[in-house]
Amino acid sequence: MAGVSGVWAPFKELADVVNSAIAQKRAEAYYSLEAILKKHKPDFISLLQNPAKNPSHRSKVQRATKEGIQTFSLPTIHTLPQDFVEEALILSDILELNELSAVELLLAGEQQQPRFPDLTRGLVAVLLYHDGRRSLVSALRSLIQAREGVQWTLGLSGAVVTLVTSFTDQLFADGLVDKVLALLDSINVEKEMERLGKGRAIGSARHRQQLVEMIEEQRSGLADCLFYWACQSPLPKEVVLKLLGYLQRIKLETPDDAGSSKEGSSPPPPLPMVILSLLHTLFSSLTIGEPSPEASVDDSLLDEHYPASADPTFLPTIHAELLKDSGWGSPLLHATVKFAWAVLLRECSSRAAFAGITELEDDEGLMDQAIAGGAVQFLRQCVVASPHFHQEEYYVQRLHWIITSFIVNMPLKVKELRNYGDEVAREMLMRAGEGGALSSSRRRDFEEFMRLIGDLYSSDPNNLTLSLEYWTPTVEGDSLGGIRHRVPQRQISLFKFIHLCSDLLPAPLFVPLLHMLSGLSANPQTAFHCFNFLKANSPSLGGGGASAAISLDHFFLSLRQYYLGLRQEAGSKQTPTGCAITPQELEGLQSVLALVRNIAGMDEGARVVMYENQTWLPVASFFGLLGCAVPRSLKAQLLLTLAAFAKSPEIAASMWHTLEMAQVLSTVPSGGASVGGGGTFGQPANPEGSIQVELEEMESQAEEYPLTQAFLVFLESLISVPIPRTLGAGHRIPGFEPYLEFVRDLVFLKFDSRAYHNSEEKWQVASLALDVLFKLLSSHEISLEDFTDQSYELPGGALAQVPKPPGHSLLVHMMNDSQLLRKILAVLDECCSLLCDTTQPSREVARCALLCLKMVEGTLSRQEQFLQVIRQHTQRVLVTPLDQLLLGINPRTGQADHLLIIARYVSLSGCSPELALAAIQTLYWVSRSHKAAREVVTAITSDKSGSVEVLRGFVEHLEWEGPESATTREEEGTSDGPPDSSEESHSSEPQVRRAVQISALKLLSSCVDGPAPNIAHFLLGFETGSSKYVSETTLQDPGVLGSARTCLHSILSLMEHGRDPRNPIGCHYRNPALAELCYKVIYQLCSNRELSTPTLRYLRNNHDFFLSQLARFPLSVSSLGSDDTEETLLNSRQISLLHQQAWLLKSVAIELRMTSLTHQRSHTQRIVNLLLSEQSSTSEQLGNGATESQFKSDFDFLQEGRRKILILLDMVDFSDMPLPFLELQLFDQSAVEQAIASCEMQDEASGLRYTNVKLLHRTLMNELNALQGAAVAGQKQSILEEIHEILSMLVQRNRVRENGHAHQMLLEAWHQVVEITLHTLVQDSLRVELKVAVLFELIQDLLLKVEGCEESDLMASVHGVVLMLLAHLRQTVSSTDDEQSASLLSPLYSGPLQAIMKGLVESVLRAPSSSQSTRAF
């Protein structure tokens, strides 16, 4: 492996180049890819084989303490310390690695140790060893993905595809498959960890977790290599046989007998990721191509790409191998392979090219064996149930093809399964009629098959919508679905299969069928078709017949009959028993509700139709059953179904009053007297059957809480619409307070004091309660009315105070030392400990912690406005700023460590990055208070290990590399605040990670100028102790004098990525918003009085930062890539590029000024020479000014090249862009403009005015939800479209404003650089002529650019710059002697002087009366 050149760095370089050429699709990376593939071809051939140990190398390393040693990383001979040599030899023995490679690895570990402050260099070296192996496998996987094949194309250039295909073909010919299968056998996580443990090469729990993840990624990467190859190029016969041999040796855990699908048998566990990948590798090879719906596959294409048809011995050979029943470690796996093979045989029998192959006749026999062997159950419980299955779209597509081909091509076998299922069902009914249990000892394969289909399509994270193939467009009145013309025959067959399942359905198959239909309606399109199918079967709508039992009529009327019967039973008995519903009926009702919930949740049209149908009245039946004596599990399903209906605002608005009247949650004391208040929760005054009694008495005793969880979900759905102010009026004091008290006091505050049968349910209950609380808090708009006491007249004339809005009440509780705040802080403490102490963090614990952080962050973001209203109106509300409360003592530890606990969430690995995002945003809001800012860093640094973890967490998040998220600058926020956590705008992990980086940089930017010390100083590496001032800090590179890697190093690393010749397009283009903030932080460091000296010294001496960065500017807009197809000036990425250049130029101006004042002449002259140097000019570089031909014609005296200072100016656009105009059809123009004006905000730092689009969207949606009536319902879609148009227009308006501000900012920065550059030339008497020439060029260039432009704020700045330059020109000429002045004003400059005078006169004439500065000159 790489000879003795290293086992980490070369493979990281390989992975970077491959990623650049394939993932980033950089055409210029072709030659680097070609060279590095040649270099590493031996490493791919000897895949993951370590360089062999060598006695001579070992002796050489042993003598390195005296004689020295020379390696790739040590080009000259260096002696090594004795402890280093001993550690390298131990590392060689543990990893079975060549001794010189071990030295290289240990040197790399020592170099990278600052990134892992809690690990020794040896432990870091072990991490790097496995990281290198992972990088090699990752590169191989990417190469195979980029091959030319039959499934996908990555959009790469033909040269790259040809190179990669040829290279991987050579690896395949050299036995790549054998090596991969051998490595999958040899690489074992447990054995590897045991080997490392014996050598004491495992450190902390985090180190162990990282090693396990890397080893598992190696295994999964190797399996993916085979899978991707099989997808692109189906494997030949010899390789398929080897793969079958590997699968035969696999022994799976089977709790019961293999293939048992009898009732009561324990299901086998889901397949591990590697076996799942290998199984689908085999499935992908057992294919002859999938025919298009309208034409048959061309036989020549089949012969070329598919070995099953190209090789006449393929089918007989594989068939003979599969007929061998002995030798398989897992009969279930064998049966599953037989199932896929039988489907292939039937597919081949329908093709003329396979005529005469006798093995095709065995397809039905093989299918019988596969089903009898438990293939269907295995596919459902082991394959589809795997957590990795639905994440890979080609797994789902392949199994979808197998299942649908079985249904379409083997209809008689499917019918046979149905008949057998009917027979088993009748037997079960007979036993139940005789008083026995409704069970059977016989197989229930058809039931399993329907459940398999339901599970297969129930989840669709990749939005494949494969289940749409089961449905056909229908016409009203046609019992067969009204199949329209041009519907593929395959789709017709699958739709007939649904009818086959639903016709004359026996009762035991009712639940499996509904489960299947639930899976087939798991997206909006299929939910619409399923609703039409169920509606067409309804007798009240003209349907019925054999499928009448599977209809909405049957569902809803049955529910209504149950309700009426139970209510009658309750009226005739003192104590209802709830025994009217049998267990089988209960399961059926729950399945019905699950299907209805799926349809109602996915399709709004179906939801409204079901709600408004006067025959069905589903919501009334649901609320009625909630008041009856039915099992808690059924009540939970009823509430969840009501939550699906509540997604429509008009339905939710009516549900509030129905909920209040039904008293599901008791808000009126027993007896229903019309008095105020909701009583005291948990006391006997509550009526029996309310949710409070169920929670306190029933669920707490059973230690299971399905009803409470379902009610919280229902409540969370209801509060999506405005809560009626008159809720409960006439029966009690109106308002939401009883519901808030239930969620806050009875559920959340007591959730950890109850017993739980399943520990995960404890955190589920807390998360759901926090969901409701956070939604109430985040949707609350602070207003003066909330502080005014309002009274409600009770019957009898008494007055009672109306409770405050729930959001207001929560803010008051969060800004006091209340039980709610104490509980949230305690939960944060407990969750942090749980997440830190485990290698597999619980998702429910992480979600609970995330919601607690959002509650704290949401309060902090609103407390300033809340306190301002209190101060302005002298309201008597006792609150304390939450940032001060967070400085209190933690009862568990006895220390003021709440902020440290919050900060530690940034460093949690293996958890969702949303935790880090919420923690950083919380720290941001706390640090805005100067009083608390100092305490933040004190709390973090009080714990040495904790502060190291926090710093490492920030560094790791900042250095995360990933694709630029699709969010715009508006979504990230144009203000100085972090992204709003109240909006769930970050859907994917890359978007969340990018938001973490943005928030971290905004935290640094907001705090770096604050009083020292603060958290920004700590994270950037400045002294924060009491012994030194921050100005006395000496910044060092990581590892030097024990210096840790800080956020400053991370920022510089991001800025220097583009300097790599292999990857010139760095962070500036791929993530321009991130780069913009990096340059801003650097400018703030350079401009800060206390921080500028150490920062400038470090940047200048250690990185030559300013010169190297300035040499790369200006940044070309064309390098943004082809994805940016918007108008150039309105492109958000270009705005970020302009800001980048502005911040850098401002920093360069400071550097020039400081080096000039301190007489560091060499540094000053290098930058000045770069700015004034002449560079090649292109029309693209000239950009927004004149074209190259125009420039030459007007100013022929200039040389062919242009000075860099002029090229930087070309990025400024001097034209004034008008704001987009708003045209409305449905909304009132003036009202919308007024709403827009109310959402206008100003950036505190830059002064830029912008419209808060999110706030306006919330305002418009609240107005829409408040509207009622049939007319509004009919125009709802049109209203939503117009809202979208309004928001889009405002986004464009914000961009126009920000574009103008960016150009203004860039011009000001350029102005500063020019002025200081001219000042340095004044001090140099030998360069007077150069100064004059530069002044003439600058003035003429500016006047040329503004010619014909309308007067604007930017033009006023230009006039100021021109006046400054003219003043410099006059001062320069007047300060010289007469002879030199005459030479400076030679005839060479007569033409330029005339052009300047002409431009000045025209500018004065165009300038309005308000531009007094221009006219005065």
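Residues numbered from 1 in each chain as written. Predicted model: local features only at pLDDT ≥ 70, side-chain atom pairs only at ≥ 80, totals over all residues. Heavy atoms only, no water.

## Things to note about the overall build of the protein
- Across its full length, the protein holds 64 helices and six strands.
- Buried residues in the protein amount to 55% of all 1417 residues.
- Expressed as a percentage of contacts within the protein between residues at least 6 apart in sequence, the contacts between residues at least 24 apart total 74%.
- As displayed, the protein offers around 59200 Å² of accessible surface, 51% of which is attributable to carbon and sulfur atoms. (Helix = DSSP H or I, 4+ residues; strand = E, 2+ residues; numbered from the N terminus. Buried < 20%, exposed > 50% of the residue type's maximum accessible area, 1.4 Å probe, protein only. Contact = heavy atoms within 4.5 Å. Areas by Shrake-Rupley, 256 points an atom, 1.4 Å probe, with all protein chains shown as cover.)

## Structural notes on the pattern of salt bridges
- For the structure on display, the rule yields 54 salt bridges.
- As a salt-bridge pair, Arg206 and Glu956 come within 2.6 Å of each other at their nearest N and O atoms. Of the two residues, Arg206 is situated in helix 10 (residues 205-232) and Glu956 in helix 42 (residues 944-958); the sequence distance between them amounts to 750 residues.
- With a relative accessible area of 14%, Arg206 lands in the buried category.
- Of the charged contacts, one joins Glu864 and Arg928 as a salt bridge, the two residues approaching to 3.8 Å between their closest N and O atoms. With Glu864 in helix 37 (residues 843-873) and Arg928 in the loop between helix 40 (913-927) and helix 41 (930-941), the pair connects residues that are 64 residues apart, well separated along the chain.
- Residue classification places Arg928 among the partly exposed residues on the basis of a relative accessible area of 29%.
- The network of salt bridges with shared partners includes Lys12, Asp131, Arg134 and Glu217. (Salt bridge = Lys/Arg side-chain N within 4 Å of Asp/Glu carboxyl O.)

## What about empty space enclosed by the protein?
- Tallied over the full model, the rule gives 13 cavities of 30 Å³ or more.
- Within this model, the second largest cavity holds a volume of roughly 90 Å³.
- For the second largest cavity, the lining is made up of 13 residues, of which Leu286, Val343, Leu344, Arg398 and Trp401 are closest to its centre.
- Contributing elements (two or more residues each) for the lining of the second largest cavity: helix 16 (331-349) and helix 19 (393-409).
- Of the residues belonging to the lining of the second largest cavity, the class tally is eight nonpolar, three polar and two charged. (1 Å grid on protein atoms, 1.4 Å probe; cavity = no way out; pocket = protein on both sides within 12 Å on 5 of 7 lines; lining within 4 Å. Points joined across faces, edges and corners; volume = space filled by probe spheres on them. Nonpolar A, V, L, I, M, F, W, Y, C, P; charged D, E, K, R; others polar.)

## Some words on the packing of aromatic side chains
- Counted under the stated rule, the structure contains 30 aromatic pairs.
- Between Phe227 and Tyr228, the ring centres sit 5.8 Å apart and the planes meet at 50 degrees, which makes this aromatic pair tilted.
- Since its relative accessible area comes to 1%, Phe227 is described here as buried.
- Of the residues examined, Tyr228 reaches a relative accessible area of 10% and is grouped as buried.
- Ring-pair connections join several aromatic residues into one group, and the members of that group are Trp152, Phe227, Tyr228, Tyr394 and Tyr395. (Phe/Tyr/Trp six-rings, centres within 6.5 Å; stacked < 30°, edge-to-face > 60°.)

## With respect to the nonpolar core
- In terms of nonpolar packing, the biggest core is built from 418 residues, with Phe339, Ile403, Phe406, Tyr470, Phe711, Tyr905 and Trp1310 touching the most fellow members.
- Among the elements that line this core, the one with the most residues is helix 37, at 15 residues.
- Apart from residues no more than four positions distant in its own chain, Ile403 is found in contact with Phe339, Leu379, Phe449, Leu452, Ile453, Leu456 and Tyr470.
- In terms of nonpolar packing, the next biggest core, distinct from the first, is built from 18 residues, Val1232, Val1253, Ile1283 and Ile1286 among them. (Core = buried A, V, L, I, M, F, W, Y, C linked by side-chain atoms within 4.5 Å.)

## Details of the side chain of Thr667
- Mapped onto the elements of the fold, Thr667 is located in the loop between helix 30 (649-662) and helix 31 (691-702).
- Here Gln663 takes part through its side chain, which lies 2.9 Å from a polar atom of the side chain of Thr667. (Polar contact = N/O pair within 3.5 Å; in protein donor to acceptor, adjacent residues only side chain to side chain.)

## Quick word on helix 37
- Over its 31 residues, helix 37 runs 44 Å from end to end, which matches the ideal 45 Å to within 8%, given 1.5 Å per residue.
- Most pronounced at Gln863, the bend in helix 37 amounts to some 40 degrees.
- Capping of helix 37 at its N-terminal end is provided by Ser842; its side-chain oxygen lies 3.3 Å from the backbone amide nitrogen of Glu844. (Expected span 1.5 Å × (residues − 1). Bend = angle between axes of the 7 residues up to and from the residue.)

## Focus: unusual backbone geometry
- Residue Pro1013 follows Ala1012 across a cis peptide bond; omega there is -5 degrees.
- You can see Pro1013 is positioned in the loop between helix 44 (989-1007) and helix 45 (1015-1020).
- For Arg200, which is not glycine, the phi torsion reads 55 degrees and is therefore positive.
- According to the relative accessible area criterion, Arg200 is exposed, its value standing at 76%.

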